[in-house]
Amino acid sequence: MKNIDSITHLRGESVYLDDIPLQHGTLYAVAFDSPIAHGRISSLKLEAAAAMPGVVRIFTAADIPGQNQIGGIVADEELLASEQVHFCGMPVALVVATTEEHARQAVKKIELQIDPLPVITDPREAQAKGELIVPPRTFRIGDTAGAWPECAHIFEGRTDTNGQEHLYIETQGAYTLPAENGVIRIYSSTQGPTAVQRTAARVLGIPMHCIEVDVTRLGGGFGGKEDQATTWALLCALATYHLRKPVKYSLHRMEDMRMTGKRHPYSADFRIGLSDDLRIIAYEATFYQNAGAAADLSPAVMERTLFHCTNTYFIPHVTATAYSCRTHLPPNTAFRGFGGPQGMFVIEAAIAKAAEELGLHASDIQQRNLLRTGDEFPYGQKADSEAHECWQKADELFNIGKIRQDIAAFNAANPVYKKGMAVMPICFGISFTKTLMNQGRALVHVYTDGSIAVSTGAVEMGQGVNTKMLQVASTVFSVNPGRVRINSTNTYRIANTSPSAASATADLNGRATEMACQAILQRMKTVAANAMQATADNIAISDEWVHVNGQRSDWDWNRLVAETYSRRVSLSEHAHYTPASLHYDASKEKGHPFAYHVYGTSITIVTIDCLRGTYGTDAVKVVHDAGKSMNLPVDIGQCEGGIVQGIGWMTMEEVVYDKEGRLRSNALSTYKVPDIYSVPKEIDIHFLETTKDNAAVFRSKAVGEPPLMYGIGAYFALRNAIKAFNPSGHLAWDAPMTPEKVLLGLYGQPVNVSDQPDNIPA
Ligand code: MOS
């Protein structure tokens, strides 16, 4: 079925934060943020700003009634800087005025003096100085030290992957309304309504039941609103708390880019050892995560890097250590893949390096080492692997050997354009790695007219989760989907939600919805059974009709609902779901953290222009293990979007901070995201329809994050294309592969033009 939002999206009628009708007397907030990355506040003068037209009040840390603390995992982040600033873009004051323009004008009049302190932007420097967010962690399997002597080939290297701007179309924002008895209603563009509620209660010093958070939908999140929507919601709530007025703040794009954290850049060292027959025997990796100035979600992101450090390969001897390094950048945060892609890039670079040195194709090593069912991950869980199935199916459908031959023929015939390809197999663990977060809840009401309302903890952010929840309810009840309405995500209806994150939202909330619907259905069946002298087991609802022993009765859905209601039987249910068998012991770094894994194999083909260094993606061909897809258009959309976003991260998107910690790529004129001209000319997605009984709903599999990692293939395909032009070129293992880097790779080392099949035109 079509995404249920498609019609209102197309008509421009979908309600985002900025579309919520404003109450009379609404005020506008704008943050004043630090222009300096690190220092002590010596003076903050607000008088000139306060005297500006329209200004109602200016708030600082001194106005916070509860704790000035928004840290989720570690209590290390102030809402408003009190004594020190830790990054450029850190909010210091909040101007509230009668119009947004007045607030923005007044912000410019705030005078802040800062005694600067040393600025660190490099995670390796932070690690060397002992600036760690949390203690380092190490995952181990086998004995790497003992295994090196067994290896026929050993290769070492360093990799660097840069950050990534989330660039949700809808910027961060919030709108807060006062209600009676001190209650504050918060409309927030957040993936984590409960995080907003919990943190607002802490900052305002009031109980959580005084905070109602309501989310209709987000114009994209990608992880950027898992934790970092909280700041704006709390700033507005702080003003509403004091003024008892509605307060709105909707960030401008440049404010959003400057003040929010991004995907974590990582630097890493690797060492890989292979046998003569290309089995990976040993692997060591050390990860330096650039966490930014506060923990935010960095410890969890770092953990997911370790969980994915061997990607989809079985390696018997692994030692992987990760450091979460405190720097003076905006706190980096969740971003689709949540550290997994950063871990997977390093093992892929290690394999590619080994292949380059040995004169092989990386795919020879990749395929040889794919996980088999029963193989153990470094964290102790055993694989239930589809890795070989995905690879083989991809080879069968797309013919890797033939693609390689065609590329070789093209490259031999074309002096100026070169093609390259890479295979990118993936394995991504599904579940929050913090086991307790794996909870979903749903509240289902059947109304007396036969219509159905569903509330869950799931936040719709364009990923189509509401459509899937609607499918669950209409399938369980066997009624027309048009009978079902998915309500906003609201902390008064669904409490203590986990954020919509970790690709697990449909799994967790879908199962809860299924359970709630089943409970209501069971009661309805009992009503029908009693009326029809049957047993509930012999009653079934099919296409809106009650069937008894397989025979259609004269009760339709509406009659069934009416009979149930008239017998005073509840037509509502609240259900709680948590997947069984998840456990993890962080003291041993062993356990079973994932309900299951998602596998897949992609083939990426690129063409570079060897005169200009520019490039395009010809095709990404994928076999993706989506289980039994609940909704093909939605899942294909997730795959296509993830692939393009992954390619963007690996190729053109370049987050640039200067040495002073100022964001230089601070607008869409200086930060390049994939546009319609840079998406692959062809994306061919084939679903491997596994139907194993996993923890997800209706044997589907999570689809949000895994496809992003196919984008990593673009980096390696570009490398191979560069090597086709300049085999002796030296290229750092450094992403993104921007056109500048491609050009340096093409010509950075001496290249003998006469070695090329034809001379390069002048
Ligand atoms: Mo997502 S990166 O788990 O918010």
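As shown above, the structure is provided for reference.
Each chain carries its own residue numbering, running from 1 in the written order of its sequence. Given that this is a predicted model, residues contribute local features only at a pLDDT of at least 70 and side-chain atom pairs are listed and counted only at 80 or more, while totals for whole chains, interfaces and linings are drawn from all residues. With hydrogens and water excluded, all non-hydrogen atoms of the structure serve as input to the side-chain values.

**Student:** Before we move on, could you go through the overall build of the chain and cite the residues and values that matter?
**Tutor:** Counting from the N terminus, the helices are DSSP H or I runs at least four residues long and the strands are E runs at least two residues long. Looking only at helices and strands, the chain features 19 helices and 30 strands. Taking the principal axes of the C-alpha coordinates as reference, the chain spans close to 85 × 80 × 50 Å. When a residue's accessible area, from a 1.4 Å probe over protein chains only, is under 20% of the maximum for its type it is buried; when over 50% it is exposed; and in between it is partly exposed. Sorting the 762 residues of the chain into buried and exposed places 61% on the buried side. Here the contacts in the chain between residues at least 6 apart in sequence split such that 79% fall between residues at least 24 apart. In these tables, accessible area is a Shrake-Rupley quantity obtained with a 1.4 Å probe, and a residue counts as shielded only by the protein chains included in the view. Split by element, the accessible area of the chain, about 28,300 Å² in all, is 51% carbon and sulfur. If the 68 positive side-chain charges of the chain are averaged to one point and the 81 negative ones to another, these points end up 3 Å apart. By the convention used here, residues are in contact when the closest approach between their heavy atoms is within 4.5 Å. When charges are counted, Lys and Arg contribute as positive and Asp and Glu as negative, whereas His and the chain ends are disregarded. In this description, the location of a charge corresponds to atom NZ of lysine, CZ of arginine, CG of aspartate or CD of glutamate.

**Student:** Give a description of the environment of Ile 351 that names residues and reports values.
**Tutor:** The topology assignment puts Ile 351 in helix H10 (residues 340-358). A sequence separation of 106 residues divides Ile 351 from Gly 457, and the C-alpha atoms of the two residues are 41 Å apart. What Ile 351 contacts, discounting residues up to four positions off in sequence, is Ile 272, Ile 280, Tyr 313, Ala 362, Ile 365 and Gln 366.

**Student:** Go over the sheet that holds strand S10 (residues 184-188), please, and point to the residues and values.
**Tutor:** Strands are treated as partners if at least two bridges between them are detected by DSSP. Strand order across the open sheet formed by 8 strands is S3-S5-S1-S12-S9-S10-S11-S20, with mixed pairing between neighbours. Edge positions in the open sheet fall to strand S3 (55-59) and strand S20 (489-490), since each of these has one partner strand only. What counts as an axis is a line fitted to C-alpha atoms, over the stretch in contact for a helix, and the angles between N-to-C directions run from 0 to 180 degrees. Of the strands in this sheet, strand S1 (27-33), S3, strand S5 (91-97) and strand S12 (247-250) touch helix H3 (residues 100-107), which is tilted by about 25° from S1. Along the sheet face, helix H6 (residues 193-204) touches S10, strand S11 (211-215) and S20 and points at about 150° away from the line of S11.

**Student:** Mind laying out the environment of Ser 267, listing which residues take part and the relevant values?
**Tutor:** Take Ser 267: it is sitting in strand S13 (residues 266-274). With 143 residues separating them along the chain, Ser 267 and Arg 124 place their C-alpha atoms 7.5 Å apart. Apart from the residues lying within four places of it in its own chain, the contact partners of Ser 267 are Arg 124, Arg 158, Thr 159, Asp 160, Thr 286, Phe 287 and Tyr 288. A polar contact of 2.8 Å, which involves the side chain of Ser 267, links it to the side chain of Arg 124. Polar contacts here mean pairs of N or O atoms no more than 3.5 Å apart (in protein, one a potential hydrogen donor and the other a potential acceptor; neighbouring residues in sequence count only if both atoms are side-chain atoms).

**Student:** Explain the packing of aromatic side chains residue by residue, including any values.
**Tutor:** Under the pairing criterion, centres of Phe, Tyr and Trp rings, with the six-membered ring standing for Trp, must be within 6.5 Å; the plane angle then separates stacked pairs below 30 degrees from edge-to-face pairs above 60, leaving the rest tilted. A full pass over the atoms with the stated rule returns 17 aromatic pairs. Measuring from centroid to centroid gives 4.7 Å for Phe 307 and Tyr 379, while their planes differ by 85°, and the two rings are edge-to-face. With Phe 307 in helix H9 (residues 298-307) and Tyr 379 in the loop between helix H11 (362-368) and helix H12 (387-398), this pair connects stretches of sequence that are 72 residues apart. Residue classification places Phe 307 among the buried positions, given a relative accessible area of 2%. Between Phe 716 and Trp 733, the ring centres sit 6.3 Å apart and the planes meet at 35°, which makes this aromatic pair tilted. In this pair, Phe 716 is assigned in helix H18 (residues 712-725) and Trp 733 in strand S30 (residues 733-735), connecting sequence segments 17 residues apart. According to the relative accessible area criterion, Phe 716 is buried, its value standing at 8%. Under the relative-accessibility criterion, Trp 733 is labelled buried at 7%. Of note, Lys 419 hangs over the ring of Phe 410, and the distance from its end group to the ring centre comes to 4.5 Å. Counting as a charge over the ring demands two things of the Lys NZ or Arg CZ atom: a distance within 6 Å of the ring centre and an angle within 35 degrees of the ring normal.

**Student:** Can you break down the sheet that holds strand S28 (residues 615-625) residue by residue, with the values?
**Tutor:** Ordered by their spatial adjacency, 4 strands build an open sheet running S16-S27-S28-S29, and the pairing between neighbours is mixed. Looking at the sheet topology across the chains shown, the edges are occupied by strand S16 (417-430) and strand S29 (682-688). The sheet shows a mean angle of 15° between the axes of neighbouring strands, direction not considered. Where strand S27 (residues 596-609) meets S28, 9 bridges bridge the pair, whose relative direction is antiparallel. Opposite Thr 607, over in S28, you have Gly 616 as the bridge partner.

**Student:** An account of the nonpolar core is needed here, citing residue identities and associated values.
**Tutor:** Ranked by size, the top nonpolar core spans 107 residues in total, and within it Ile 272, Tyr 283, Phe 287, Ile 712 and Phe 716 carry the most contacts. With 10 residues, H10 is the largest single contributor of residues to this core. Setting aside anything within four residues of it in sequence, one finds Phe 716 in contact with Phe 345, Glu 348, Ala 349, Ala 352, Ala 422 and Trp 733. Judged by nonpolar contacts, the second largest core, of 60 residues, contains Ala 29, Ala 81, Ala 93 and Cys 210. To form a nonpolar core, buried Ala, Val, Leu, Ile, Met, Phe, Trp, Tyr and Cys residues must be joined to one another through side-chain atoms within 4.5 Å.

**Student:** Tell me about empty space enclosed by the protein, and name the residues and values.
**Tutor:** Residues are called lining when one of their atoms sits within 4 Å of a cavity or pocket point, these points coming from a 1 Å grid over the protein atoms alone, where a cavity is a set in which a 1.4 Å probe fits but cannot get out and a pocket is an open set with protein on both sides within 12 Å along at least five of seven lines. Grid points are joined across faces, edges and corners, and a volume is the space filled by probe spheres set on the points. Considering all chains together, one arrives at 2 cavities of 30 Å³ or more under this definition. By volume, the largest cavity amounts to about 80 Å³. What lines the largest cavity is a set of 14 residues, and nearest its centre among them are Gln 439, Gly 440, Ser 498, Pro 499 and Asn 509. In terms of residues, the lining of the largest cavity owes the most to one element, helix H15 (residues 505-531), which gives 3 residues. For this classification, the nonpolar set comprises Ala, Val, Leu, Ile, Met, Phe, Trp, Tyr, Cys and Pro, the charged set comprises Asp, Glu, Lys and Arg, and every other residue, Gly included, is treated as polar. Broken down by class, the residue content of the lining of the largest cavity amounts to 6 nonpolar, 7 polar and 1 charged.

**Student:** Residues and numbers for H10, please.
**Tutor:** A helix is expected to reach a length of 1.5 Å times the quantity of its residues less one. Helix length check: H10, at 19 residues, gives a terminal C-alpha distance of 27 Å against a target of 27 Å (1.5 Å per residue), a fit within 8%. Backbone geometry just downstream of H10 places Gly 359 in the positive-phi region, at approximately 70°.

**Student:** Describe the pairing of strand S18 (residues 452-456), naming the residues involved and giving the relevant values.
**Tutor:** Burial within S18 is extensive, with 5 of its 5 residues counted as buried. What sits between strand S17 (residues 440-446) and S18 in their antiparallel hairpin is a turn of 5 residues, with Gly 450 showing a positive phi close to 90°. Note: S18 against strand S19 (residues 484-486), 3 bridges, orientation parallel. Note on S19: the bridge partner recorded for Ile 452 is Val 484. Orienting the strands away from the viewer, one traces the path from the first strand over the helix to the second; a clockwise path indicates a right-handed crossover. Assessed by its sense of winding, the connection that carries the chain from S18 through helix H14 (residues 465-477) to S19 is right-handed.

**Student:** If you had to explain the side chain of Ser 500 to someone new, which residues and values would you point to?
**Tutor:** Mapped onto the fold, Ser 500 is located in the loop between S20 and H15. Ser 500 gets classed as buried once you look at its relative accessible area, which sits at 1%. In this structure the side chain of Ser 500 is engaged in a polar contact, spanning 2.7 Å, whose partner is the backbone nitrogen of Val 459. Other than its neighbours up to four places away in sequence, Ser 500 contacts Gln 191, Gly 457, Ala 458, Val 459, Met 461 and Thr 505.

**Student:** Can you break down the state of the cysteines residue by residue, with the values?
**Tutor:** The definition used for a disulfide is geometric: two cysteine sulfur atoms within 2.5 Å. Evaluation of the coordinates by the stated rule reveals 0 disulfides. There is no disulfide at Cys 236, and the cysteine sulfur nearest it, in Cys 210, is 18 Å away. Free of any disulfide, Cys 309 has its nearest cysteine sulfur in Cys 427, 11 Å distant.

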